Structure formats: C-alpha cells, structure tokens
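# Analysis of the macromolecular model
Residue-level listing of the chains:
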Amino acid sequence: MSLPTRTLGALTVSAQGLGCMGMSQSYGAGDDTESIATIHRALDLGVTLLDTANVYGAGVNEELVGRAIKDRRDEVVLATKFGVVRTDGVQGARGDAAYVTQCCDESLARLGVDHIDLYYQHRVDHSVPIEETWGALAELVEAGKIRYAGISEAGAATIRAAHAVHPVTALQSEWSLWTRELEAEIVPTCDELGIGVVSFSPLGRGFLTGAITSTAQLGEGDMRATLPRFSEDNLAANLAIVETVQAVAARRGVTAGQVALAWVQAKGEHVVPIPGTKRRTYLEQNVAAATLELAPEDVEELDAVATGVAGARYPEHLQRNVGR
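Residues numbered from 1 in each chain as written. Predicted model: local features only at pLDDT ≥ 70, side-chain atom pairs only at ≥ 80, totals over all residues. Heavy atoms only, no water.

Let us now look at the pairing of strand β2 (residues 11-14). Pairing geometry for strand β1 (residues 5-8) and β2, over four bridges, is antiparallel. Pairing of Leu8 across the sheet is with Leu11, part of β2. Taken together, β1 and the strand that follows it, β2, pair antiparallel across an intervening segment of two residues, in which Gly9 is found at a positive phi of about 55 degrees. (Pairing = 2+ DSSP bridges. Helix = DSSP H or I, 4+ residues; strand = E, 2+ residues; numbered from the N terminus.)

Taken in spatial order, the eight strands make up an open sheet running β3-β4-β5-β8-β9-β10-β11-β12, and their pairing is parallel. With one partner strand each, in any of the chains shown, β3 (18-19) and β12 (271-273) form the two edges of the open sheet. Relative to β12, strand β11 (residues 196-200) runs parallel, the two being bridged by three bridges. Bridge pairing in β12 links Ser199 to Pro273.

Side chains of a nonpolar character, in soluble globular proteins, are inclined to be buried together. One finds Leu18, Ile39, Tyr119, Leu137 and Ile151 to be the most contacted residues of the largest nonpolar core, which totals 96 residues. Sort the elements by how many residues they give to this core and helix α8 (residues 256-265) lands first, with seven residues. Setting aside its immediate chain neighbours within four residues, Leu137 contacts Phe82, Val100, Tyr119, Ile146 and Ala149. Judged by nonpolar contacts, the second largest core, of five residues, contains Met21, Ala53, Tyr56 and Val84. (Core = buried A, V, L, I, M, F, W, Y, C linked by side-chain atoms within 4.5 Å. Buried < 20%, exposed > 50% of the residue type's maximum accessible area, 1.4 Å probe, protein only. Contact = heavy atoms within 4.5 Å.)

Turning our eyes to something else, we now look at the packing of helix α5 (residues 156-165) against helix α6 (residues 186-193). A pair of packed helices is captured by two measures, namely the crossing angle of their axes and the spacing between those axes. It is at 9 Å that the axes of α5 and α6 come closest, and there the two elements cross at 20 degrees. Classed by the angle they form, the pair α5 and α6 counts as roughly parallel. The handedness of the crossing between α5 and α6 is right-handed. Here Ala156, Ile159, Arg160 and His163 of α5 lie close against α6, whose contacting residues are Ile186, Thr189, Cys190, Glu192 and Leu193. The residue inventory of the contact of α5 with α6, partitioned by class, reads five nonpolar, two polar and two charged. (Axes fitted to C-alpha atoms, helices over the stretch in contact; angles between N-to-C directions. Parallel < 35°, antiparallel > 145°, perpendicular 65-115°, else oblique. Left-handed = near helix turned anticlockwise from the far one by under 90°. Nonpolar A, V, L, I, M, F, W, Y, C, P; charged D, E, K, R; others polar.)

Now for the pattern of salt bridges. Inspection of every chain in the model, using the stated rule, returns 21 salt bridges. The salt bridge partner of Asp303 is Arg180, with a shortest N-O separation of 3.5 Å. Highlighted residues: Asp303 in helix α10 (residues 296-305) and Arg180 in the loop between β10 (168-174) and α6, separated in sequence by 123 residues. The salt bridge partner of Glu181 is Arg229, with a shortest N-O separation of 3.6 Å. Of this pair, Glu181 sits in the loop between β10 and α6 while Arg229 sits in the loop between β11 and α7 (232-252), placing them 48 residues apart in sequence. Residue classification places Glu181 among the exposed positions, given a relative accessible area of 52%. Look at Arg229 and you get buried, because its relative accessible area is 5%. Three or more residues are tied together by salt bridges with common partners; here these are Arg180, Glu183, Lys267 and Asp303. (Salt bridge = Lys/Arg side-chain N within 4 Å of Asp/Glu carboxyl O.)

To continue, consider the packing of helix α1 (residues 32-44) against helix α2 (residues 60-69). Orientation of α1 relative to α2, taken along the N-to-C sense of each, is 55 degrees, at an axis distance of 9 Å. By the angle between their directions, the pair α1 and α2 is classed as oblique. Handedness of the crossing formed by α1 with α2: right-handed. Of the residues in α2, those touching α1 at Asp32, Ser35, Ile36, Ile39 and His40 are Leu64, Val65, Arg67, Ala68 and Ile69.

The subject of this paragraph is the side chain of Arg72. Within the secondary structure layout, Arg72 lies in the loop between α2 and β5 (77-82). Within the structure, Arg72 has its side chain in polar contact with the side chain of Asp44 (distance 2.8 Å). Within polar-contact distance, the side chain of Arg72 engages the side chain of Glu75 at 2.9 Å. Residues in contact with Arg72, not counting those within four places in the same chain, are His40, Leu43 and Asp44. (Polar contact = N/O pair within 3.5 Å; in protein donor to acceptor, adjacent residues only side chain to side chain.)

Along its 14 residues, helix α4 (residues 130-143) runs 20 Å from first to last C-alpha, staying within 8% of the 20 Å computed at 1.5 Å per residue. For α4, every residue scored as buried is listed here: Ile130, Thr133, Trp134, Ala136, Leu137 and Leu140. What you see down the axis of α4 is that its buried residues fit within an arc of 150 degrees, all on one side. Looking at α4, the residues exposed on the side facing more than 90 degrees away from the buried face are Glu139, Glu142 and Ala143. For α4, the elements touching its buried residues are β5, α3 (97-111), β8 (116-121), β9 (146-152), α5 and β10. Phi turns positive, to about 85 degrees, at Gly144, one or two residues after α4. (Expected span 1.5 Å × (residues − 1). Arc of directions from axis to C-beta.)

Limitation: the analysis is restricted to geometry and does not speak to function.
In structure tokens, the structure reads:
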C-alpha cells in the first residue's frame, strides 16, 4: 500500500509519519512486541517516515526502531536527533562539533544502519555558535553518515542562520490545534526558505482525540501530568476545543483525532504530521486521516476555536529551550 507523499526540502516522505518516542518513554509502560508490530504495520500501510531520538528512553528507542527496520531499511526514511542533554534530571542542550559527531556515531550503532536519512538538532545550544553545529552537520553529510539535516523547536532567526551554513531540510516543532505559536513567523520563514515542517504531537499529546478529560486518567510515569496544560483547571478550560473537533468529526463521519490530523495537513503541502502511537489500532486510525480533506468552513471553525488555550506547553525550565 502507498500513501500520498510530501516534500521536506529535497526529501520525499509519506504525507504522514510515525513518532516512535512513546514506545519507550513518557506515556506509561511500553510493549516492545506490539511496538515493533506497529512499526511493521506502518510500513505495510505506506508510512515511510519514522522518527526517534538518541534521548528517547536513553537510547532504547533507537535500538527498538533499529530492530524493527532491520530487514526493511529500504522502505524507511529514518529520522533521529541529537542535542538534548540531561544533567541531574535537568534538561539542557549541547551543540559543539565534537558532540555532534559523537552522537551521530552512537545513533548509527544503536540503529544498526550505515546512514541516517534526516538528522535533527533536537534543541539549540545557544552557548555554541550555530555555525559550528551546522558546520559539523555539513561534514556528516559529506562523509555519507547522514543524508539531510534538520532542526527542532528553533526560532526564525536561528533557522535562517543554520540554513546559511547548510540547507535545513525540515523544522520539527509541536504544531496542533492547541499549539500554534510557530504560525506567525516561523512557518513563513520555512516557506520562504523551502524548508518542510514536521509537526510532532499533532494530536495534542492525545488531548485532541477527546480521550482525556481529567488528570485522573494519567497513569504513573505519564509525563503529561507535569505539563501545565494538563492541570485539572486548564484541562477543563481547553475542552471547548475538543468539543468543536468532535462536532466537525461527527459531521464528517470520522474521529476527532482524524480531524485534528487533517487540520495540520491542511496547513500546507510541505507539512507532515508525525502522530505517535505504540498500538496498531491507533496507527490505523491515524493513517486513515492522511487522505482526509476538510472543507474550508471546517478549517475556519477549527481555527476560530483554537485561539485561547489555557496553560503553557511546558514547565518554565523546558519552555526556555523552545522557539529561540
């Protein structure tokens, strides 16, 4: 089976990708057998873009993805990331040239591959000139270790500076009906420079599906319990967005999650959402949205309700690392 394709810079990928982080961290216990089956099912359905990172499960997620694609490497556009560091539980960023190269070699070993298709700077280290980081990425391209380079959660000026050193193929940032900060300046910058946009958490970490209406539903180890938007008061205030998504879904005869994905897809031909899941059932629902087109009036209604979101995306110490 094949899906429609979209372009991220010069890289062609399926119109929807698969985020693999939750298979190893953040949303409760994982099940490697089901996760690998989910990746295989994604490939069967025509999903080509698989997304992981060196910090997901402290390397475990890359190893999992590597096992899953071992015999199907030629079907995959493989994306991973470097640059997030955690010291005594506090998240920071590192982008010096030696570290970029070290992380790439380590990721190649964990993934069991000889090259990475799309290698992202996960967070920008503002203590290191962007020219140094991107110079190192350019050298990795020349060495054949990576094919394309991307950047995650960066601001417009940083994207421009990186692109001046080596082409930025894709920006990966959170973009959904309740996370729209990048629309004002960052997306137009990407459009101008020919950079694709990869939307992570397009389902609002599950909130936009309507499945989460109370913090009591978040189990032990679920990182959403630490996010301001998922506090009980903010969650209740944000349910108006979900109600509108559900109303549009009812009219179209689809699920709320499928509407949320179609809204992201409608934002441009170079926009690719990567909803994350570790279960085949949810994967199949998500992939079915790859060809769903919303009516203009549906998009307008959704745009209008998704303007006043209660609560920040992250706690303050994590929020400092995004959008700069």
